[in-house]
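Next come the chains, spelled out residue by residue.
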Amino acid sequence: GESVGLHLPTLSVQEGDNSIINCAYSNSASDYFIWYKQESGKGPQFIIDIRSNMDKRQGQRVTVLLNKTVKHLSLQIAATQPGDSAVYFCAETASEKLTFGTGTRLTIIP
Amino acid sequence: NAGVMQNPRHLVRRRGQEARLRCSPMKGHSHVYWYRQLPEEGLKFMVYLQKENIIDESGMPKERFSAEFPKEGPSILRIQQVVRGDSAAYFCASSPSVFGQGWNGYTFGSGTRLTVV
């Protein structure tokens, strides 16, 4: 079946640097994408989303880029802080049913 | 706004027992979703319900698992005769509307961690 995958399972970043988390998706019918942050023992928390008619969307310290040609999604976090340490999931959908990637664990180095 | 409430947070069951997981959606949300997460993995869709209706149960195992969202009260995910492989975190989410323009995904609860011993 269709799946969403991530290039890197772990990412360590110096505090204050920018982080980039990548995601590849395979369902060309997907038209809505979401990035979630999951801290230990908690549920996924919405970070930012993007629809297929856009290629970039910015939020507070976060930017999502969508490249439909190569089916690639990325999450950029500016000026990474200790509180950004978590597992980040991308999810894609063409309906109410989300397909999640495996996740990338982001670790912040003080 | 209390958010999506799940209980219990942790549940331990012996093999063969029944597990009942409860989910109260956010106020005003009539769409409920259940997902399962194994350790170090992403979430996997199980079922999508609206009040008194199962809309999509394509992710539910064919046996032992059932879900409901009654007219009154929380949504219930029931697992009968649990086995060790059922050990996982089960997350509920809710949304106020159907998928389409303006849909912003859903809000997740904190999950129920089921351990089968």
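None of the values given here were measured: they were computed from a predicted structure. (Residues numbered from 1 in each chain as written. Chains lettered and ligands numbered in written order. Predicted model: local features only at pLDDT ≥ 70, side-chain atom pairs only at ≥ 80, totals over all residues. Heavy atoms only, no water.)

A. Geometry of the overall build of chain B. If you tally the helices and strands in chain B, you get zero helices and eleven strands. When the helices and strands of chain B are read in sequence order from the N terminus, they spell out β-β-β-β-β-β-β-β-β-β-β. In terms of overall dimensions, chain B is globule-like: its C-alpha atoms have a radius of gyration of 14 Å, near the 13 Å expected for 117 residues. Seen through its principal axes, chain B has C-alpha atoms that stretch 45 × 25 × 25 Å. The buried share of chain B, taken over its 117 residues, is 43%. Put simply, of all contacts in chain B between residues at least 6 apart along the chain, 54% involve residues at least 24 apart. Carbon and sulfur atoms make up 47% of the accessible area of chain B, which amounts to about 6000 Å² in all. (Helix = DSSP H or I, 4+ residues; strand = E, 2+ residues; numbered from the N terminus. Rg over C-alpha atoms; globule rule 2.2 N^0.38 Å. Buried < 20%, exposed > 50% of the residue type's maximum accessible area, 1.4 Å probe, protein only. Contact = heavy atoms within 4.5 Å. Areas by Shrake-Rupley, 256 points an atom, 1.4 Å probe, with all protein chains shown as cover.)

B. Quick peek at the confidence of the model for chain A. Summing up the model confidence of chain A, the mean pLDDT is 90 and the portion of residues at 70 or higher is 93%. Ranking the elements of chain A by mean pLDDT puts strand β1 (residues 4-5) of chain A last with 54 and strand β7 (residues 62-67) of chain A first with 98. (pLDDT = per-residue confidence, 0-100.)

C. Structural detail: unusual backbone geometry. A cis amide bond links N7(B) to the next residue, P8(B), at an omega of -5°. In this structure, P8(B) sits in the loop between β1 (5-7) and β2 (10-13). The backbone of K71(A) shows a phi angle near 55°, a positive value even though the residue is not glycine. Turning to its location among the elements, K71(A) is positioned in the loop between β7 and β8 (72-77). A relative accessible area of 26% means that K71(A) is categorised as partly exposed.

D. Structural context of the pattern of salt bridges. All names here are of chain A. Tallying each qualifying case throughout the model produces six salt bridges over all chains. Linking R61 and D84 is a salt bridge whose minimum nitrogen-to-oxygen distance equals 2.9 Å. In this pair, R61 is assigned in the loop between β6 (56-58) and β7 and D84 in the loop between β8 and β9 (86-93), connecting sequence segments 23 residues apart. D84 sits in the buried class, given a relative accessible area of 7%. (Salt bridge = Lys/Arg side-chain N within 4 Å of Asp/Glu carboxyl O.)

E. Structural detail: the packing of aromatic side chains. The tally for this structure, following the rule as stated, stands at twelve aromatic pairs over all chains. Arranged with centres 5.6 Å apart and planes meeting at 35°, the rings of Y36(A) and F100(A) form a pair that is tilted. Of this pair, Y36(A) sits in strand β4 (residues 32-38) while F100(A) sits in strand β10 (residues 99-100), placing them 64 residues apart in sequence. An identical accessibility class is assigned to Y36(A) and F100(A); each is buried. Between F100(A) and F108(B), the ring centres sit 6.1 Å apart and the planes meet at 70°, which makes this aromatic pair edge-to-face. Taken as a pair, F100(A) in strand β10 and F108(B) in strand β10 (residues 107-108) lie in two separate chains rather than in one. Across this residue pair, the class does not change: F100(A) and F108(B) are buried. Here the aromatic cluster, defined as three or more aromatic residues joined through ring pairs, consists of Y36(A), F89(A), F100(A), Y33(B), Y35(B), F45(B), Y48(B), Y106(B) and F108(B). (Phe/Tyr/Trp six-rings, centres within 6.5 Å; stacked < 30°, edge-to-face > 60°.)

F. Structural context of the sheet that holds β1(B). Residue and element names in this part refer to chain B. The strand order β1-β3-β8-β7 describes an open sheet built from four strands, whose pairing is antiparallel. Looking at strand neighbours, the two that pair on one side only are β1 and β7 (65-68), the edges of this open sheet. Here the average twist between neighbouring strands, direction ignored, is 15°. In this sheet, strand β8 (residues 75-79) lies alongside β7 in antiparallel orientation, the contact comprising four bridges. From the neighbouring strand, A67 faces β8, where its bridge partner is L77. (Pairing = 2+ DSSP bridges. Axes fitted to C-alpha atoms, helices over the stretch in contact; angles between N-to-C directions.)

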